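# Structure assessment
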Amino acid sequence: MWNNIEIGVIMAEKKPVIEVKNLYKIYKVGQNKVRALNGVDMTIYKGEFCSIVGTSGSGKSTMLNMLAGLEKPTKGTIKVAGKYIEKLSENQLVKFRREKVGFIFQSFNLLGTMNAVENVALPLSFRGVPKRVRLKKASAMLDLVGLKTQKKHRPNQMSGGQQQRVGVARALVVDPEIIFADEPTGNLDSHTSAEVMELMRKVVAEQNKTLVMVTHDNHLATFADRIFHIIDGKIVKVEVRDHSKDMKISEAATVEELLQKAAMEDTEEIAATGEIIEKTVEGLHNPEGFVEETIEKPDNPEGFVGKTIEKPDNPEGFVGKTIEKPDNPEGLTEETIEENMEEEV
């Protein structure tokens, strides 16, 4: 854990991206007033992963809605990415969220008629990004979250953890300054939750993004750099976590670098495919023939094992799993030949 002096020095070196001062949100319920937020002050810095943790009714979800511009405060100021969002009109807020913010939802919110790449690319379509460009960016983001082989899968073909990885990729593809996550592991088991949290922490650090997560789970909150404990609409404690001894995180990569990497991988894949075809053609002109699996010939006491096998009574060789014997015009499988040989012995 850090001491107060170290915390002050570290925070002074960082750039504030969210500044909240004297924030109140009061709802009228009949004749009563409910203070969902009751004088909140907080500052969150660029590149930080912060969690707001509290029980149901503590005000954490209201706090997230305020920071994302989804609700107006009763009193106070909210400065996000240099803008006082409480002063913005609805249209200005829509533009602000589209350009500056990414969201990760508890229920994934993926479209069932679209595959993973299309779901991730969807936010870019609202920005007018050409289809080819947005699909390329979406593909690069799926590589980043470890879903290289699930790009064409629809939500019903993926596990909960995989769907949430798609959600993380979708939040990142717009290159936002801030990502808001509302109970992102609420629909996942404990093991998958830990995996998704580790992924989020790693990716956010690599991309130098600011992530604000709301959760009721104290254990999941420990993945964050700082934990804001909220009770009855007030921040009662701020806990700082030291992740410096955790697994080393690789060097940050921009979206452009990821796209370059994806293009290089495509080139390598094509080259590898050409090499495989060339080797296959060479194999077809191999008079001895070869089989893929290790085979022991029953009538050979010493046995001969390996991928290249010469059958003395078959001058033309036998290739692959289906083998034709000269006296068997219909051909026998490898397994059938072994059974026949055993019977003859």
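In what follows, the structure referred to is the one given above.
A brief look at the structure comes next. A quick note: this is a predicted structure, and the numbers were derived from the prediction, not measured.

When its secondary structure is counted, the chain shows 10 helices and 12 strands. Expressed as a percentage of the 345 residues in the chain, the buried residues total 41%. Taking the intrachain contacts of the chain between residues at least 6 apart in sequence as the baseline, contacts between residues at least 24 apart amount to 66%. Total accessible area on the chain is roughly 19,900 Å²; 51% of this is exposed by carbon and sulfur atoms.

Put simply, side chains in a regular strand alternate between the two faces of the sheet. Across the 5 residues of strand 7 (residues 178–182), 4 count as buried, placing the element largely inside the fold. Two elements, strand 6 (residues 101–104) and strand 7, share 4 bridges in a ladder whose sense is parallel. What sits directly across from Val-101, in strand 7, is Ile-178. Bridge count for strand 7 against strand 8 (residues 210–215) is 5 bridges, and the pairing is parallel. Bridge pairing in strand 8 places Ala-181 opposite Met-213. With respect to chirality, the unit in which strand 7 leads through helix 7 (residues 190–207) into the neighbouring parallel strand 8 is right-handed.

For the coordinates displayed, the defined rule picks out 9 salt bridges. For Lys-209, the salt bridge identified is with Asp-175, shortest N-O distance 2.4 Å. On the criterion of sequence distance, the pair formed by Lys-209 in the loop between helix 7 and strand 8 and Asp-175 in the loop between helix 6 (160–173) and strand 7 is long-range, its members being 34 residues apart.

Next up on the list: the environment of Ile-235. By the element assignment, Ile-235 lies in strand 10 (residues 234–240). Spatially, the C-alpha atom of Ile-235 lies 6.4 Å from that of Val-40, the residues being 195 residues apart in sequence. Each residue touching Ile-235, except ones within four places of it in the same chain, is listed here: Val-40, Met-42, Phe-228, His-229 and Ile-230.

Remark: helix 4 (residues 116–125) packs on helix 5 (residues 131–144), axes separated minimally by 8 Å, with the N-to-C direction vectors making an angle of 125°. As summarised for this structure, helix 4 and helix 5 are arranged oblique, according to the angle between their axes. Helix 5 is crossed by helix 4, and the crossing has right-handed handedness. The segment helix 4 lies against helix 5, with Ala-116, Val-117, Val-120, Ala-121, Leu-124 and Ser-125 engaging Arg-134, Leu-135, Lys-137, Ala-138, Met-141 and Leu-142. Taken together, the residues of the contact of helix 4 with helix 5 break down into 9 nonpolar, 1 polar and 2 charged.

What counts as what
Numbers given for residues are sequential positions, taken from 1 along each chain in its written order. Selection of residues for local features in this predicted model requires a pLDDT of at least 70, selection of side-chain atom pairs for listing and counting requires 80 or more, and totals for whole chains, interfaces and linings are taken over all residues. With hydrogens and water excluded, all non-hydrogen atoms of the structure serve as input to the side-chain values. Comment: elements are numbered from the N terminus, with helices defined as DSSP H or I runs of at least four residues and strands as E runs of at least two. Each residue is placed in one exposure class: buried if its accessible area under a 1.4 Å probe, protein chains only, is under 20% of its type's maximum, exposed if it is over 50%, and partly exposed if it falls in between. We call two residues contacting when some pair of their heavy atoms lies within 4.5 Å. Using a 1.4 Å probe, accessible areas were evaluated by the Shrake-Rupley method; residue-level cover was limited to the displayed protein chains. When DSSP locates at least two bridges between a pair of strands, those strands are taken to pair. With strands facing away from the observer, any crossover in which the path from the first strand over the helix to the second runs clockwise is taken as right-handed. By convention in these notes, a salt bridge is any Lys or Arg side-chain nitrogen within 4 Å of a carboxyl oxygen on Asp or Glu. The axes are straight lines fitted to the C-alpha atoms, using for helices just the contacting stretch, and the angles between their N-to-C directions are given from 0 to 180°. Put simply, angles under 35 degrees are roughly parallel, angles over 145 are roughly antiparallel, angles from 65 to 115 are roughly perpendicular, and the rest are oblique. Note on convention: the crossing is left-handed when the near helix lies turned anticlockwise from the far helix by less than a right angle, right-handed when the turn is clockwise. Ten residues, namely Ala, Val, Leu, Ile, Met, Phe, Trp, Tyr, Cys and Pro, are considered nonpolar, four, namely Asp, Glu, Lys and Arg, are considered charged, and the remaining ones, Gly among them, are considered polar.

The values reported here are purely geometric and, on their own, carry no functional implication.
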